[in-house]
Each structure stands twice: as structure tokens, then as C-alpha cells.
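Residue-level structure breakdown
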Amino acid sequence: SSRFCSSHQPELLGSTPLASFGLVTMMLGRIAAASRLAARRSVAGTPVLRSPLVGASGAARGAAHVSAPKPLSIRMDSLFVKCVIAAVIYFVPQDAVFLTGLFWKWHNEASTISPKKKLSDAESALEDFKAKKGLDDVKVSKGRSTWYVTA
């Protein structure tokens, strides 16, 4: 340990000249170390003081520029994965019940509005439809099992 550490040797940190000499020496040592590191960085081509607003990357102190949070891998025992699994287990059954009921309601409404009928002779049914509606010129699209009539 250092001979100027205040927690281990409190008697050195009084108003004695030795204590003030030790603190001054420690501070000068830190300043010298910082200047050596700064000189090494400036020789390598990196400016000593760089504003975060300067340059395209905008990174200060050599930090990497992050364009978006893109995880390289997702651990299966992570909190994110556990939350997704819990949400799927909780919400999918109730959504399935709700959507089944909603689709059944829509199907029943559509079947009530326009029920399908099986006709043995489609040509005579089309002529009856045209006579009932008073139409002469209609366009008929014939499908495999369904015919569509447009005026």
C-alpha cells in the first residue's frame, strides 16, 4: 500500500510538512501520468481534446458509434426471452377464443345477408334473376362452382 494512504496511516495527514509533501507528490504524479497518456494519443494521430460534435461519428473518447440496437445474439435464458414466452402463453389462448368468436359472427352475418343456394340448372336461374331484376345486358363470370353477375 502507499505510504500516503489516509485510511491506513492517519498520522501522516495532519498539518505536517511530510503530509503536504506527499499529497503534492501524488498529485504531480497523476498529472504527469495523464500528460504521458495524452502525448501518446496525440502521436498516434488522435487529437488530445475532441468535441463530441466534431467528426462524422460523433463519438467521444474513442467510443463506438451505435446506429441501432442490433443484438448479435439473444440468449434463451435472458429476461427478454422469458417475457416473450410468458406473453405468448398468456395472450394467445384468449386471443384465439376472441378471434374464433369474431370470425364466426362475421361468417353468420355474411351468410344471413347473402345465403348460398345450390341450383341444379344455373342457366335458367340466371335468366330468372335477370327477369326479376329487369336487366337485359349483364356480365357473367363463371367460376368452378360459383357464378358472379355484374350489371
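Because the structure is predicted, anything quoted here is derived from the model rather than measured.

Points about the overall build of the protein
- In terms of helices and strands, the protein carries three helices and two strands.
- Along the protein, from the amino end to the carboxyl end, the secondary structure elements read α-α-α-β-β.
- Per-residue burial over the protein gives 6% buried out of 151 residues.
- In the protein, the proportion of contacts linking residues at least 24 apart, taken out of those at least 6 apart, comes to 4%.
- As displayed, the protein has an accessible area near 13500 Å², and 64% of this comes from carbon and sulfur atoms.

Some points on the pattern of salt bridges
- As enumerated under the stated definition, the model contains four salt bridges in all.
- Across the pair lysine 130 and glutamate 127 runs a salt bridge whose closest N-O atoms are separated by 3.5 Å. Remark: glutamate 127 and lysine 130 occur in helix H3 (residues 122-133); sequence separation between them is three residues, near one turn of the helix.

Examining the pairing of strand S1 (residues 139-142)
- Here S1 pairs with strand S2 (residues 147-150) via four bridges, running antiparallel. Bridge assignment links serine 141 to a residue of S2, and that residue is tyrosine 148.
- What sits between S1 and S2 in their antiparallel hairpin is a turn of four residues.

Let's talk about the environment of serine 35
- Topologically, serine 35 is positioned in helix H1 (residues 17-43).
- Serine 35 gets classed as partly exposed once you look at its relative accessible area, which sits at 42%.

A look at H3
- The terminal C-alpha atoms of H3 lie 16 Å apart, and with 12 residues this matches the ideal 16 Å at 1.5 Å per residue to within 8%.
- Among the residues trailing H3, glycine 134 stands out with phi positive, at a value near 75°.

Examining the packing of aromatic side chains
- For the structure on display, the rule yields two aromatic pairs.
- Ring centres 5.4 Å apart and planes at 65° place the aromatic pair phenylalanine 103 and tryptophan 106 in the edge-to-face group. Remark: tryptophan 106 and phenylalanine 103 occur in helix H2 (residues 79-113); sequence separation between them is three residues, near one turn of the helix.
- On the accessibility criterion, tryptophan 106 (45% relative accessible area) is partly exposed.

Quick look at the confidence of the model for the protein
- Taken as a whole, the protein shows an average pLDDT of 79; of its residues, 74% reach a score of 70 or greater.
- For the protein, H1 is the element with the lowest average pLDDT, namely 76, and H2 is the one with the highest, namely 97.

Considerations on a nonpolar patch on the surface
- A contiguous nonpolar surface patch, about 450 Å² in accessible area, is contributed by Ile74, Phe80, Val84, Val88 and Val92.
- Looking at the secondary structure, you find valine 84 in helix H2.

Thresholds applied
- Residues numbered from 1 in each chain as written.
- Predicted model: local features only at pLDDT ≥ 70, side-chain atom pairs only at ≥ 80, totals over all residues.
- Heavy atoms only, no water.
- Helix = DSSP H or I, 4+ residues; strand = E, 2+ residues; numbered from the N terminus.
- Buried < 20%, exposed > 50% of the residue type's maximum accessible area, 1.4 Å probe, protein only.
- Contact = heavy atoms within 4.5 Å.
- Areas by Shrake-Rupley, 256 points an atom, 1.4 Å probe, with all protein chains shown as cover.
- Salt bridge = Lys/Arg side-chain N within 4 Å of Asp/Glu carboxyl O.
- Pairing = 2+ DSSP bridges.
- Expected span 1.5 Å × (residues − 1).
- Phe/Tyr/Trp six-rings, centres within 6.5 Å; stacked < 30°, edge-to-face > 60°.
- pLDDT = per-residue confidence, 0-100.
- Patch = residues over 30% accessible without salt bridge, like charges linked within 9 Å, V, L, I, M, F, W, Y side chains within 5 Å.

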